[in-house]
Amino acid sequence: RVRSDSAWMVPEPELGLVLGEHGHPVAVTIGNDVSSRDIEGANPLYIPQAKIFAGACAIGPALAVPESWDAAFPIRLRITDSSGKELFAGETSTARMKRSPRELAAWLVRDNPVPPGSVLLTGTGLVPPDEYTLEPGHTVAIEIEGIGTLVNTVAA
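These notes cover the structure that comes with them. (Residues numbered from 1 in each chain as written. Predicted model: local features only at pLDDT ≥ 70, side-chain atom pairs only at ≥ 80, totals over all residues. Heavy atoms only, no water.)

1. A short note on the overall build of the protein
Counting its secondary structure elements, the protein contains three helices and ten strands. Computed over its C-alpha atoms, the radius of gyration of the protein comes to 16 Å, within 12% of the 15 Å expected for a compact globule of 156 residues. Principal axes of the C-alpha set define a box for the protein whose edges measure 40 × 35 × 25 Å. Counting across all 156 residues of the protein, residues that qualify as buried make up 42%. Pairs at least 24 residues apart make up 65% of the contacts formed inside the protein by residues separated by at least 6 positions. For the protein, the exposed surface amounts to about 8,400 Å²; the carbon and sulfur share of it is 53%. Across the protein, 12 positive and 19 negative side-chain charges occur, with their mean positions spaced 3 Å apart. (Helix = DSSP H or I, 4+ residues; strand = E, 2+ residues; numbered from the N terminus. Rg over C-alpha atoms; globule rule 2.2 N^0.38 Å. Buried < 20%, exposed > 50% of the residue type's maximum accessible area, 1.4 Å probe, protein only. Contact = heavy atoms within 4.5 Å. Areas by Shrake-Rupley, 256 points an atom, 1.4 Å probe, with all protein chains shown as cover. Lys, Arg positive; Asp, Glu negative; His and termini not counted. Charge placed at Lys NZ, Arg CZ, Asp CG, Glu CD.)

2. Thoughts on the nonpolar core
Core analysis: the largest hydrophobic core is formed by 29 residues, its most contacted members being Leu17, Val28 and Leu134. Looking at this core, the elements that each hand over two or more residues are strand 2 (13-19), strand 3 (25-33), strand 5 (57-64), strand 6 (74-80) and strand 9 (139-144). Setting aside residues no more than four positions away along its own chain, Leu134 makes contact with Val2, Met9, Val10, Pro11, Val34, Val140 and Val154. (Core = buried A, V, L, I, M, F, W, Y, C linked by side-chain atoms within 4.5 Å.)

3. Side note on the sheet that holds strand 5
Taking strand neighbours across the sheet as the criterion, the four strands line up as 5-3-2-8 in an open arrangement whose pairing is antiparallel. At either end of the open sheet lies a strand with only one pairing partner, and these are strand 5 and strand 8 (119-121). Direction aside, neighbouring strands of the sheet carry axes that sit 30° apart on average. Sheet topology note: the strand 2/strand 8 ladder contains three bridges and is antiparallel. (Pairing = 2+ DSSP bridges. Axes fitted to C-alpha atoms, helices over the stretch in contact; angles between N-to-C directions.)

4. Things to note about the pattern of salt bridges
A complete count under the given rule lists nine salt bridges for this structure. One salt bridge connects Asp5 with Arg3, and the closest N-O pair in it is separated by 2.8 Å. The shortest N-O distance in the salt bridge between Glu86 and Arg78 comes to 2.8 Å. (Salt bridge = Lys/Arg side-chain N within 4 Å of Asp/Glu carboxyl O.)

5. Description of the side chain of Asn32
Mapped onto the elements of the fold, Asn32 is located in strand 3. Asn32 sits in the buried class, given a relative accessible area of 4%.

6. Remarks on the environment of Ile147
Tracing the backbone shows Ile147 in the loop between strand 9 and strand 10 (148-153). Ile147 sits in the buried class, given a relative accessible area of 10%. Distance from Ile147 to Pro61, taken between C-alpha atoms, is 7.5 Å for residues 86 residues apart in sequence.

7. Concerning the sheet that holds strand 10
Strand pairing in a sheet is mediated by backbone hydrogen bonds. Such pairs are either parallel or antiparallel. Taken together, the four strands give an open sheet; going across it, the order is 7-6-9-10, and neighbouring strands pair in antiparallel fashion. Among the strands making up the open sheet, the edge pair consists of strand 7 (86-93) and strand 10. Averaged over all neighbouring strand pairs, the angle between strand axes comes to 10°, with direction disregarded. Where strand 6 meets strand 7, seven bridges bridge the pair, whose relative direction is antiparallel. Across the sheet, the residue bridging to Thr80 is Glu86, located in strand 7.

See the structure below:
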């Protein structure tokens, strides 16, 4: 959903790492990490409010165990309005990430208790241009090969 106190909301398509015992990745999924860019940009201390709110994150549609944890995952994002008109489309790959999924997981659990079953969203850097904002009725579809497509309709 979008926040009522934000004028600039964007989806962030991300690979999700499902963590097992001791923070070791055991599966992958898709995450839609919705963020309020105007709240985030107002002050770095506001990042929790910009990223953690009711309806800010969707995960799914399935879990997959990759054959290789070193393989890249192509990620595609498509946003349409309520009539089906495409508003944005883009793609990226986890190959562009500076750190590997295993390295990210290791940093998360470094001197930090994280329960098994937690999902770590890895980030991807694929977001719509600055002039775009999510609005109620928009549909966000995130596809990651080998996992499926996560589809969400934005609510107020």
